[in-house]
Amino acid sequence: MQGPDIPRLFAVIMERGVPAALQITFFGLGLGLLAGLSLALMRVYGTAPMRTFAELYEKTLRGIPVLVLIYIFTFGVPGLFWFVDPLSRPIVGAYVALGIRSAAYQSQIFRGAILSVGEGQVLAARSLGMTNFQAQVYIVLPQAFKIALPAWSNEYAVVIKDSSFASDVGVFEILKVSLNITASDPRLWLPAMLVVTLIYFIFTYPVTRYFGKKGGGMAQVGREIVWQ
Amino acid sequence: MSDIVLRVEDVWKSFGDLQVLRGISFDVAESEVKVIFGPSGSGKSTLLRCINYLDPPDKGEIYLRGKRLGDPDTDINKIRSRIGFVFQHFNLFAHLKAIDNVAIGPEKVLGLSKEEARERAMRALKHVKMDKWADHYPAQLSGGQQQRVGIARALAMETDVILFDEPTSALDPELIGEVLQTMLDIAKEGTTMVVVTHEMGFARSVADEMIFIDGGVIVERGTPHHFFTSPESERVQQFLHKLDELYGQTRDERRTIAERDQE
Ligand SMILES: Nc1ncnc2c1ncn2[C@@H]1O[C@H](COP(=O)(O)OP(=O)(O)OP(=O)(O)O)[C@@H](O)[C@H]1O
Ligand SMILES: [Mg+2]
């Protein structure tokens, strides 16, 4: 009897599982960025109803387990993504679910970052004659993005890990692919899980390590830190 | 009449129950330097923010060269680009080099080309003797240098008037002189200025009129000569006396800078 072929396991999971995981992460983070930034701007500069809406959104979305959200957007509302190919619906459901959830956390990250830019610079921009929009685009957001980088790279690590929940709705991402391998040979359970761990580590640690030290050293907002 | 640059007419402002400004009126003529002073909390900063409509007055009018601010058919951003503002805490844009701090207004607000804006910014930096520091970020500059960049940022917009809100009060004493010198220079070149300051040496050498504000109203106004020889109200006398006690010594040193300059 020979031992498990770890390099081959690694290669198979990388090839068949990682693309979907990265796709979910990319779209989830992207959607979360757009929605989260909008929520943050609403909370900082919005009218009272906008602020209330954003706050309610954050509270609600953070209160729902990821898996429940994924089920809602895949099987829960079957016709929701009628415009995409039926085979792709689970993965679309997964990144929408992760995206709108990540938005709730990214909102906090950007809100903190925007606030730490300081009202004085906004006043200075406005007194030059900039519109509110110009002040945001030229002055606040460039600084806020930089300040948010450490917390945001951590959010990336959270989302890529949470993409493993998509295995439950049949998306062939990292976990699902390895589960399929172990189903054919139960002796591969432990090696497969070790390889999965290694892959997540490879895709998170360098990023959080690198970006965790950049930016303005904002106090941690958003989620619990994954790596530092 | 036509040389009135700025008209402040019966301005009232409150925050909740707190009445901060209660009917302030004055005119600022072309090339005039108006100094406003008064105790902390008397509403000086609020007044300046009312003047450029960052905080619109509850009641009363502001006119810039006859144009009423807050009129539905006047673009407030356009008007604001003609009113410079220099802040107590400089408020430079932290992610931009000195040159870009100064150029961004001409480029993004006035619509100059990138090259024109940079050229103009460089001239403004030269004006405040900061051209050698053009490529430095605010964090790499001393407070006095930052404030001079703040002044250059206002100058580069070629505004009708520049408002100063205690431009030296956040500075270490040894850095105040260079900023006051810059302000004296531009005052003498004919810049129209409204300056909130407690630097009486500065007021003495360039103010055309001084206005003492307390409790949201103008308590007394007059020339520097009037204030330094025969102030009428007791509040002004007390206040000037307190300033003397607080800053007397350093003030005298600085006055020599100002007076030397006048010769
Ligand atoms: N946005 C605001 N909301 C509520 N209260 C305010 C606001 N801005 C100013 N105030 C209050 O209005 C009063 C006048 O403030 P202001 O900053 O105009 O005074 P000041 O004369 O500039 O004082 P200082 O010399 O300390 O700068 C203060 O009591 C201040 O607390
Ligand atoms: Mg003030």
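Preceding this paragraph is the structure being described.
Residues numbered from 1 in each chain as written. Chains lettered and ligands numbered in written order. Predicted model: local features only at pLDDT ≥ 70, side-chain atom pairs only at ≥ 80, totals over all residues. Heavy atoms only, no water.

Observations concerning empty space enclosed by the protein
Scanning the entire structure with this criterion turns up 2 cavities of 30 Å³ or more. Taken as a whole, the largest cavity encloses approximately 70 Å³ of empty space. Contributing to the lining of the largest cavity are 14 residues, with A:S127, A:L128, B:G84, B:F85 and B:A154 lying nearest its centre. Of all elements in the fold, only α6 (119–127) of chain A together with β6 (83–86) and α5 (143–155) of chain B reach the threshold of two or more residues within the lining of the largest cavity. Across the lining of the largest cavity, the residue classes tally to 7 nonpolar, 5 polar and 2 charged. (1 Å grid on protein atoms, 1.4 Å probe; cavity = no way out; pocket = protein on both sides within 12 Å on 5 of 7 lines; lining within 4 Å. Points joined across faces, edges and corners; volume = space filled by probe spheres on them. Helix = DSSP H or I, 4+ residues; strand = E, 2+ residues; numbered from the N terminus. Nonpolar A, V, L, I, M, F, W, Y, C, P; charged D, E, K, R; others polar.)

Comments concerning helix α4 (residues 66–76) of chain A
Spacing of three or four residues puts side chains on the same side of an α-helix, whose turn is 3.6 residues. Residues and elements named next belong to chain A. The set of residues buried in α4 consists of V66, L69, I70, F73 and T74. For α4, the angular spread of the buried residues around the axis is 115 degrees, confining them to a single face. Projecting away from the buried face of α4 at angles above 90 degrees are the exposed residues F75 and G76. Where the residues of α4 are buried, they touch α3 (48–63), α5 (89–117) and α7 (132–162). (Buried < 20%, exposed > 50% of the residue type's maximum accessible area, 1.4 Å probe, protein only. Arc of directions from axis to C-beta. Contact = heavy atoms within 4.5 Å.)

Quick look at the environment of B:I76
Residue and element names in this part refer to chain B. Within the secondary structure, I76 is located in helix α2 (residues 76–80). Given a relative accessible area of 25%, I76 falls into the partly exposed group. Placed 23 residues apart in sequence, I76 and Y53 show a C-alpha to C-alpha distance of 7.8 Å. The residues contacting I76, other than those within four sequence positions of it, are N52, Y53 and L69.

Concerning the nonpolar core
Counting 50 residues, the largest nonpolar core has B:I151, B:F164, B:M193 and B:F202 as its most contacted members. Among the elements that line this core, the one with the most residues is helix α6 (residues 173–188) of chain B, at 8 residues. Summarising the domain contributions, this core has at least three residues from each of domain 1 (1–9 + 19–65 + 162–263) and domain 2 (94–159) of chain B. Setting aside residues no more than four positions away along its own chain, B:I151 makes contact with B:V86, B:V128, B:F164, B:V179, B:T182, B:M183 and B:I186. Residues A:V12, A:A54, A:A94 and A:V169 belong to the second largest nonpolar core, which totals 42 residues. (Core = buried A, V, L, I, M, F, W, Y, C linked by side-chain atoms within 4.5 Å. Domains from an automatic or database assignment.)

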